[in-house]
Amino acid sequence: FSSILTSMTMPSVITAIEKDLAEGKAPVLQLTSTDEAQTERAIAKMEREGTTLDDLDTSPRDGLIHYLREYYPTILHEVYIDHNGREQTRVVLDSEGNPAEDPEAVRERDALIVMVNDLPIPDSSLRLLFDHFGGSKIAEVTGRSHRVYTDPATGEVIQEKRTPKMNEKDIDDFNNGKREILVFSKAGGTGASYHADLDFKNQKERRHYGLQLGWETNRALQGFGRTHRSHQRQAPTYILIKTDVPAHARFIATIQRKLDQLGALTRGQRQATSQGMFSGQPNLESEYGQTAVRRLMEDIVHGTAPGLTLDEVRNVLNIRLV
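Remember, it's a predicted structure, so these values are computed and weren't measured experimentally.

Conventions we followed
Residues numbered from 1 in each chain as written. Predicted model: local features only at pLDDT ≥ 70, side-chain atom pairs only at ≥ 80, totals over all residues. Heavy atoms only, no water. Helix = DSSP H or I, 4+ residues; strand = E, 2+ residues; numbered from the N terminus. Buried < 20%, exposed > 50% of the residue type's maximum accessible area, 1.4 Å probe, protein only. Contact = heavy atoms within 4.5 Å. Areas by Shrake-Rupley, 256 points an atom, 1.4 Å probe, with all protein chains shown as cover. Patch = residues over 30% accessible without salt bridge, like charges linked within 9 Å, V, L, I, M, F, W, Y side chains within 5 Å. Salt bridge = Lys/Arg side-chain N within 4 Å of Asp/Glu carboxyl O. Pairing = 2+ DSSP bridges.

Participant: Describe the overall build of the protein chain, and please don't skip the residues or the numbers.
Facilitator: Scanning the protein chain for helices and strands turns up 11 helices and 9 strands. The proportion of buried residues among the 322 residues of the protein chain is 42%. For the protein chain, restricting intrachain contacts to residue pairs at least 6 apart in sequence, the fraction spanning at least 24 positions comes to 68%. Accessible area for the protein chain stands at about 18100 Å²; split by element, carbon and sulfur atoms hold 52% of it.

Structural data, given as structure tokens:
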């Protein structure tokens, strides 16, 4: 889901990058996943079926279908009264002691899989980035061994092999102004320098986009440190990318809080939210956010939440009772 959500943001990110380039700035994109595994699966499928690169599907479709098959909630639950006389729910077991599946939930899952097969799923974020700007403008510092993209000038689908030496050359090209954009993953999140060093030819202001930060906030902070170092002409601007999907906003808020706490820790300050790297306005994990969630759940249980009942919540969460 992270890959799909990131891909959904790419049209806006690409527009922002074009604006950065027009203003003489240097965009740097930080991500966690290069989606190399799904690209390799797509290439293997292409070779098995005898199709061409033009038919290659590098979108996260297969990963999404796998997620639905493995994790869609199909387990049947039932209501029972515990020894305190309270109503509880539990998993229904079959004659062999295994969790029983709800036939209706299984039908819903299978219908979703069919729908996903027919949906126009966007390509991976890296593929979209290279399809738009081409390989000559982008310095790539990742661990993937090959990449596939469509050359925007010729429309030809290109498959290129990658080696660690190419990462080093791309970094040099970016720092010397030969490439305008840099994208890096975990493989390029430590040790390298992408900042506006006074010894580099490329001293443009860095616009650091956090496309995917992952759950490891120390790694995320190390990635931020690649564009913010000593002996630089100016500090970078950091932009956290998110969609309007509520769960994605919730995830970004958690990462932001952890980054704020790490920032406060390194400076010996206690007020992490107000003194951190980012503003506290979108922080959903503040005392006010936690109070709001607690009160909402209490209102749902007591039946006092306007337009929302406990049964509706159970249906949304796909908890089926018998």
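Participant: With reference to specific residues and values, describe a nonpolar patch on the surface.
Facilitator: A cluster of nonpolar side chains, namely Val293, Leu296, Met297 and Leu308, defines an oily patch on the protein surface of about 330 Å² accessible area. By the element assignment, Met297 lies in helix H10 (residues 287-302). Residue classification places Met297 among the partly exposed residues on the basis of a relative accessible area of 44%.

Participant: Please give an account of the pairing of strand E3 (residues 87-91) that cites residues and values.
Facilitator: Two faces, one strand: in a regular strand the side chains alternate between the faces of the sheet. Sheet analysis places strand E2 (residues 77-81) next to E3, joined by 5 bridges and oriented antiparallel. Note on E3: the bridge partner recorded for Val79 is Thr89. Following E2, the chain reverses through 5 residues before pairing antiparallel with E3; Gly85 in that reversal takes a positive phi of roughly 80°.

Participant: Help me get a handle on the pattern of salt bridges, residues and values and all.
Facilitator: Within this structure, the stated rule accounts for 17 salt bridges. Ionic pairing is found between Glu140 and Arg147, a salt bridge with its closest N-O pair at 2.7 Å. No difference in accessibility class separates Glu140 from Arg147, as the two residues are buried. The shortest N-O distance in the salt bridge between Asp173 and Lys169 comes to 2.9 Å. Of this pair, Asp173 and Lys169 both sit in helix H6 (residues 164-175), separated by 4 residues, roughly a single helical turn. Of the residues examined, Asp173 reaches a relative accessible area of 8% and is grouped as buried. Judged by relative accessible area, Lys169 falls into the partly exposed class, the value being 48%.

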